[in-house]
Amino acid sequence: MNLKQPLQAEGRADALVRERLSTQEAMPETDKQRVRRLAAHCQKYRGSVPRLAALQLLTTIVPLIAIVGAMFATVNHAYWATLLLALPAAGLLVRAFIIQHDCGHGSFFASRALNDFVGRAMSLLTLAPYGLWRREHAQHHATSGNLDRRGAGDIKTMTVAEYRKLSTLAKLQYKIYRHPAFLFGIGVPAYFVIIQRLPWLHSLAARDAWKSVLALNLGLVALYAPLCYAFGIANVLWVGLPVLHIAAAAGGWLFFIQHQFEETTWEQTEGWDFQVAALLGSSYYDLPKVLNWFTGNIGLHHIHHLNSMIPNYRLMGCLEASPELKSINRLTLGESLRCTRLKLWDEEQRRLIGFDELPATT
């Protein structure tokens, strides 16, 4: 009996296994594999932490009430001080919106009833109807980066081919819409103050939006009518409008920069993948710590889109535990300002471009 033959066969089998393993290790990781691996990491950070949620709520509402009180105390004799105080008040209002945002995702508290209660309470400050905004924002998450399903909670973005087909007047309208002065100075503030008061002009049918809009409008009357009686309508406007305008412009900018950067990702439906679009189509806005505090870490948007059940107060922990996430779509404050020139999605170059980069027609 030849004892060497089975040993040689076993040796060849081991060598074949080692060869296959080394080949697999050498194969580059695909986008889908990378995203799935990072999604598994992010999954560890979902779920609320009641102590942190309560602390964030407390450190947002108490200072906001104190600052607004100081604004009313100065509005008649030192309006310059009122305007200075509007800056931190607006920052806290953005933070309140992030709380409402997390409640809408069901991540801020473990209890759905508590999320809904706090989310609706925050809407009295942010002016965004909780139920309507929650449904529209869910559509945004479900369709982000999908060229065929644009329009739900998005900043309007056209492709180069679509833009070329527009009339001269329509091109002018799009240029005005995408101009930063209009978008953040007029468009977003008007959206919160005016459009959110109406059941129309939303991605949902008016019959579906009406209940949420009407409930908030009645709540706003109940809250602000006594303030108008106590301080006067003019003083309420002089205090409230600067805060709302700054907060809306800042919030609009955050939403813009979260998806409007050069190397973002857009795909037709057949090539679209939810998790790939979530991670690679959203930015990591690397802000100073104080701005991260005011904005509820929403700049870590690539993590948020990859797992919307991670509350904002756990996003930083998720990022710190994965150095790889720090290198994906990172934008500094200075770099982000250059993104305002981006207007169109170029399907051939697969990036956002400015009007000055439009390819010449043949």
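What you see is a predicted model; the values in this text were computed from it and never measured.

Quick word on the overall build of the protein
Then, in step 1: A tally of regular secondary structure across the protein gives 16 helices and five strands.
Then, in step 2: For the C-alpha atoms alone, the extent of the protein along its principal axes is close to 105 × 60 × 40 Å.
Then, in step 3: For the protein, buried positions account for 43% of its 362 residues.
Then, in step 4: By sequence separation, contacts in the protein at least 24 residues apart represent 71% of the contacts at least 6 residues apart.

Topic: the nonpolar core
Then, in step 1: Among the nonpolar cores identified, the biggest contains 41 residues, and Met71, Phe184, Val243, Phe256, Ile257, Tyr285 and Cys339 are the most heavily contacted of them.
Then, in step 2: Of all the secondary-structure elements, those providing two or more residues to this core are helix H3 (50-74), helix H4 (79-105), helix H9 (180-193) and helix H11 (233-257).
Then, in step 3: The element that contributes the greatest number of residues to this core is H11, accounting for ten residues.
Then, in step 4: Filtering out sequence-adjacent residues up to four positions away, valine 243 remains in contact with Met71, Ala86, Ala89, Ala90 and Leu93.
Then, in step 5: Counting residues in each nonpolar core, the second largest holds 18 residues, with Leu279, Leu300, Cys318 and Leu319 among its members.

Considerations on the confidence of the model for the protein
Then, in step 1: Scored by pLDDT, the protein has a mean of 92; 92% of the residues are at 70 or more.
Then, in step 2: Within the model, pLDDT remains below 50 along residues 1-7, and this stretch shows zero contacts once partners closer than five positions in the same chain are excluded.
Then, in step 3: Taken as a whole, residues 20-24 scores under 50 in pLDDT and shows zero contacts with residues more than four places along the chain or in a different chain.

Here we look at the pattern of salt bridges
Then, in step 1: According to the stated counting rule, one finds 14 salt bridges in the structure shown.
Then, in step 2: Among the salt bridges present, the one from glutamate 324 reaches arginine 34, with a minimum N-O distance of 2.8 Å. Of this pair, glutamate 324 sits in the loop between helix H15 (312-320) and strand E3 (330-332) while arginine 34 is found in helix H2 (residues 31-43), placing the two residues 290 residues apart along the sequence.
Then, in step 3: Taking the relative accessible area as the measure of exposure, glutamate 324 reaches 23% and is therefore partly exposed.
Then, in step 4: The exposure class of arginine 34 is partly exposed, given its relative accessible area of 24%.
Then, in step 5: With a closest N to O distance of 2.6 Å, arginine 150 and glutamate 162 form a salt bridge.

Side note on unusual backbone geometry
It is generally the case that most residues other than glycine have a negative phi and that most peptide bonds are trans.
Then, in step 1: A positive phi angle, close to 70°, is found at leucine 127, a residue other than glycine.
Then, in step 2: Topologically, leucine 127 is positioned in the loop between helix H5 (112-126) and helix H6 (130-143).
Then, in step 3: Judged by its relative accessible area of 9%, leucine 127 falls in the buried class.
Then, in step 4: In the Ramachandran plot, asparagine 329 falls in the positive-phi region, its phi being about 50° despite a non-glycine side chain.
Then, in step 5: When its relative accessible area of 18% is taken as the criterion, asparagine 329 is described as buried.

Considerations on H6
Then, in step 1: Over its 14 residues, H6 runs 20 Å from end to end, which matches the ideal 20 Å to within 8%, given 1.5 Å per residue.
Then, in step 2: The set of residues buried in H6 consists of Tyr130, Gly131, Leu132, Trp133, Glu136, His137, His140, His141 and Thr143.
Then, in step 3: Downstream of H6 by a residue or two, glycine 145 has a phi angle that is positive, lying close to 80°.

What counts, and at which threshold
- Residues numbered from 1 in each chain as written.
- Predicted model: local features only at pLDDT ≥ 70, side-chain atom pairs only at ≥ 80, totals over all residues.
- Heavy atoms only, no water.
- Helix = DSSP H or I, 4+ residues; strand = E, 2+ residues; numbered from the N terminus.
- Buried < 20%, exposed > 50% of the residue type's maximum accessible area, 1.4 Å probe, protein only.
- Contact = heavy atoms within 4.5 Å.
- Core = buried A, V, L, I, M, F, W, Y, C linked by side-chain atoms within 4.5 Å.
- pLDDT = per-residue confidence, 0-100.
- Salt bridge = Lys/Arg side-chain N within 4 Å of Asp/Glu carboxyl O.
- Expected span 1.5 Å × (residues − 1).

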